[in-house]
Amino acid sequence: MLQFLKYVLATFVGLILFLFLSFFILAGIGSLLSSEEKVTLDDKSVLRLDLNQPIREIGVDNPFSEFGVPFTGEESVVGLKDIVDALKSAQSDDKIKGIYLKTEGPEAGWATLEEIRNQLLEFKKSKKFVVTYGESYSEKGYYIASVADKIYLNPAGGIEWNGLSAEYSFFKGTFDKLEIKPLVFRVGEFKSAIEMFSRQDMSEASKKQSIELIGAINNNFLKNISASRNIPVGELKNLADSLAVENPKSALKYKFITNLGYQDELETALKKELKVDVDKSISYVGVNKYLQGSSSVEKGDFNTRVGVLVAEGEITGGDGDDGNIGSDKFVKELKEIRENDKIKAVVIRINSPGGSALASDVMWREIELTAKKKPVIASMSDVAASGGYYMAMGCDTIVAQPNTITGSIGIFGLIFNVTDFMNNKLGITFDGVGTSPHADWPTATREMTEFEKSMIQKSVNEGYETFTRKAAEGRKMPVEKLKSLAQGRVWSGIEAKQNGLVDVLGGIDDAIKIAAKAAKLKEGDYRVRYYPEKKRPFNEMIEKLLGDNEEQATNKALGDLAPYVKTYKKLMNMGGMQARMPFEMVIR
């Protein structure tokens, strides 16, 4: 026993020492990461803009991503705000001579790309160069690359030019095999999010809205590329239809690119442009490093601000997390902004496909309260649909990009009857008692009566009436007209503007200017503050250490099957009525 206690004591002391040393090691790393590293730029620097990574509204810098340090995430996430800020600063920075783009396959939505592309066009007014090299270009990648003065494509590479598409997954066959019966309650002919459970293909209504949506986005895509490359829109369409841009030589022939060449050949040309010796390296600087060393001074009165509250992800109750908009956390942040007298106007930056109808309504109420005290402007990013639109409709003005996906004004409810699955597949049966005939309602473990189903449908109908009434009030249009635009239908930003669901076509900067003007602030007299603030690397690392990093583990374990598991988890998290657009609407 004495020997046993000795081992226990030794183990305990060892653990204490390990935790003690780990704390000081982490503290040391945190001190290094938290300190502002002084970055000195060369007089002939080139801003290296790497878009081949996830792009979110607010970035997360992970200095350990290159080293594979456990629990710290696999990669950095670049922030749209950081990209735009770097481009603005570089435009007037004498030490930045140009931009080198890496944009083969950006991991971002179309409206995010529009913001970046527009800022690159603004940068080019400085007469500094923009060049890009790619081993291949997706259509999203080429959309950004098309603004460059020199577009290099690897001679053995390729370019995607075959039109845009949107593909959906349907799970009815899976549920049939498992003997699970999805019970769907919805309002709106176009509320197609539920079709993945009830059909094996797209309905005519779903096809109609999808074709019109991607058609509008494609037209904007072609128009802008036509302007940048001086290729007629009609010719661009014909080349896509005929798959004529089949290899690098054809890309050069049709003027999609300016040069066939390797990266070293581009760098040789850059050295000549920069007047740098052939045997010397080009002084590249990335976005994060550049912003650390940028000498630009923030203008405006510190005590006069426009606050930008970022709402990104699916909508849920509670505090949410990095991938969700939690209504409790959003309400708390917006209330603090509303009560901060230094903040004179607010921009709600929305990038959300929707989610919980109840959480959406809770956030709408807080936006309404804020709008009574100071101007509130909505800025739509890639998607602001269903619950995302619910948030926007409480704002004074709605700003969207031409290729924003919005609308989807509708409600649905979803319950799975798992009785046959549990009985026949697993041998599990259910029985119980209650004080009334409907005490266990709603339930997934027995067939609901028609009366019970009608009560759920009634609740969904009432939710739809509330949604459309509030939307009509916010848009200042008759309810019947609003309903003709609703029914769960999604629209592009251009279509939404034409139909009165959006006020202005533009980006986040346009929304900030509108907010400042509404608050009677003059340009240069105010500062812009984003909420929540960008996380510091050390704080992010600690969160990863304390969290279970479930998504990263899922991706590693399941590979290509991971998206389906994520879809399953979304289904399991659908409590109550949903104001949500069609699942995983990825246009590529």
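For the structure itself, look to the data block above.
My aim in this report is to walk through the structure given alongside it, one point at a time. This one's a predicted model, so the numbers in the text were calculated from it and none came from an experiment. As a convention, each chain's residues are numbered from 1 in the sequence order in which they are written. Per-residue local features are limited, in this predicted model, to residues with pLDDT of at least 70; the limit for side-chain atom pairs, both in listing and counting, is 80 or more; totals at the level of whole chains, interfaces and linings are taken over all residues. Only hydrogens and water are set aside; all other atoms, that is, all heavy atoms of the structure, feed into the side-chain values.

## Side note on the packing of aromatic side chains
Each aromatic ring pair is specified by the distance between its two centres and by the angle formed by the two planes.
Part 1: Stacked, tilted and edge-to-face pairs are distinguished by plane angle, under 30 degrees for stacked and over 60 for edge-to-face with tilted covering the rest, among Phe, Tyr and Trp rings (Trp via its six-membered ring) whose centres lie within 6.5 Å. Inspection of the entire model under this criterion finds 13 aromatic pairs.
Part 2: On the basis of an interplanar angle of 80 degrees and a centroid distance of 6.1 Å, the ring pair of Tyr142 and Trp161 is categorised as edge-to-face. On the criterion of sequence distance, the pair formed by Tyr142 in helix α4 (residues 139-145) and Trp161 in the loop between β6 (150-159) and α5 (172-178) is long-range, its members being 19 residues apart. Comparing Tyr142 with Trp161 shows no difference in burial state: the two are buried.
Part 3: Three or more aromatic residues joined by ring pairs make a cluster, and in this case those are Trp110, Tyr137, Tyr142, Tyr143, Trp161, Phe221 and Phe256. Secondary structure counts use DSSP, requiring at least four H or I residues in a row for a helix and at least two E residues in a row for a strand, with both numbered from the N terminus. Only protein chains enter the calculation, and the probe is 1.4 Å; a residue is then buried if its accessible area is under 20% of its type maximum, exposed if over 50%, and partly exposed in between.

## Considering helix α13 (residues 357-371)
Part 1: Expected helix span is computed as 1.5 Å times (number of residues minus one). With 15 residues, α13 ought to run about 21 Å at 1.5 Å a step, and its terminal C-alpha atoms sit 21 Å apart, in line with that.
Part 2: Residues of α13 that are buried include every one of Ala357, Ala359, Ser360, Met363, Trp364, Glu366, Ile367 and Thr370, and no others.

## Quick word on a positive patch on the surface
Part 1: Only residues whose relative accessible area exceeds 30% and that take part in no salt bridge are eligible for patches, with like-charged residues grouped when within 9 Å of each other and nonpolar side chains (Val, Leu, Ile, Met, Phe, Trp, Tyr) grouped when within 5 Å. Here the Shrake-Rupley method, with its probe set to 1.4 Å, supplies the accessible areas, and only the displayed protein chains count as covering residues. Definition used for salt bridges: Asp or Glu carboxyl oxygen within 4 Å of a side-chain nitrogen of Lys or Arg. The charge count includes Lys and Arg as positive and Asp and Glu as negative, but it does not include His or the ends of the chains. One atom stands in for each charge, and that atom is NZ of Lys, CZ of Arg, CG of Asp or CD of Glu. A surface patch of like charges, here positive, comprises Lys44, Lys97, Lys275 and Lys280.
Part 2: Position of Lys280 relative to the elements: it lies in the loop between α10 (263-274) and β9 (283-286).

## Focus on the side chain of Asn403
Part 1: Structurally, Asn403 can be placed in the loop between β16 (397-400) and β17 (405-407).
Part 2: Classification of Asn403 as buried rests on a relative accessible area of 2%.
Part 3: In protein, a polar contact requires one atom able to donate a hydrogen and another able to accept it; more generally it is a pair of N or O atoms within 3.5 Å, and residues adjacent in sequence count only if both atoms are side-chain atoms. A distance of 3.2 Å separates a polar atom in the side chain of Asn403 from the backbone oxygen of Trp110.
Part 4: In this structure the side chain of Asn403 is engaged in a polar contact, spanning 3.1 Å, whose partner is the side chain of Glu114.

## Things to note about the pattern of salt bridges
Part 1: According to the stated counting rule, one finds 24 salt bridges in the structure shown.
Part 2: Glu312 is paired through a salt bridge with Arg56; the nearest N and O atoms lie 3.7 Å apart. One end of the pair, Glu312, is in strand β10 (residues 301-312); the other, Arg56, is in strand β2 (residues 55-56), with 256 residues separating them in the sequence.
Part 3: We note a salt bridge from Asp201 to Arg199, for which the minimum N-O separation is 2.9 Å.
Part 4: Since its relative accessible area comes to 31%, Arg199 is described here as partly exposed.
Part 5: One salt-bridge network, in which partners are shared between bridges, spans Lys181, Asp420, Glu447, Glu450 and Lys453.

## Concerning the packing of helix α3 (residues 110-123) against helix α7 (residues 204-229)
Part 1: Closest axis-to-axis distance for the α3/α7 pair is 12 Å, and the angle between their directions is 20 degrees. Here α7 runs roughly parallel to α3, going by the angle between their axes. For the crossing formed where α3 meets α7, the hand is left-handed. Across the interface between the two elements, Trp110, Glu114 and Arg117 of α3 pack against Ile217, Asn220, Phe221, Asn224, Ile225 and Ser228 of α7. The angle between two axes is taken between their N-to-C directions and runs from 0 to 180 degrees, where each axis is a line fitted to C-alpha atoms and a helix contributes only its stretch in contact. The scheme is simple: roughly parallel for angles under 35 degrees, roughly antiparallel for over 145, roughly perpendicular for 65 to 115, oblique for anything else. Crossings are assigned a handedness: left-handed for a near helix turned anticlockwise from the far helix by less than a right angle, right-handed for a clockwise turn. Whether two residues touch is decided by their heavy atoms; if any such pair falls within 4.5 Å, the residues are in contact.

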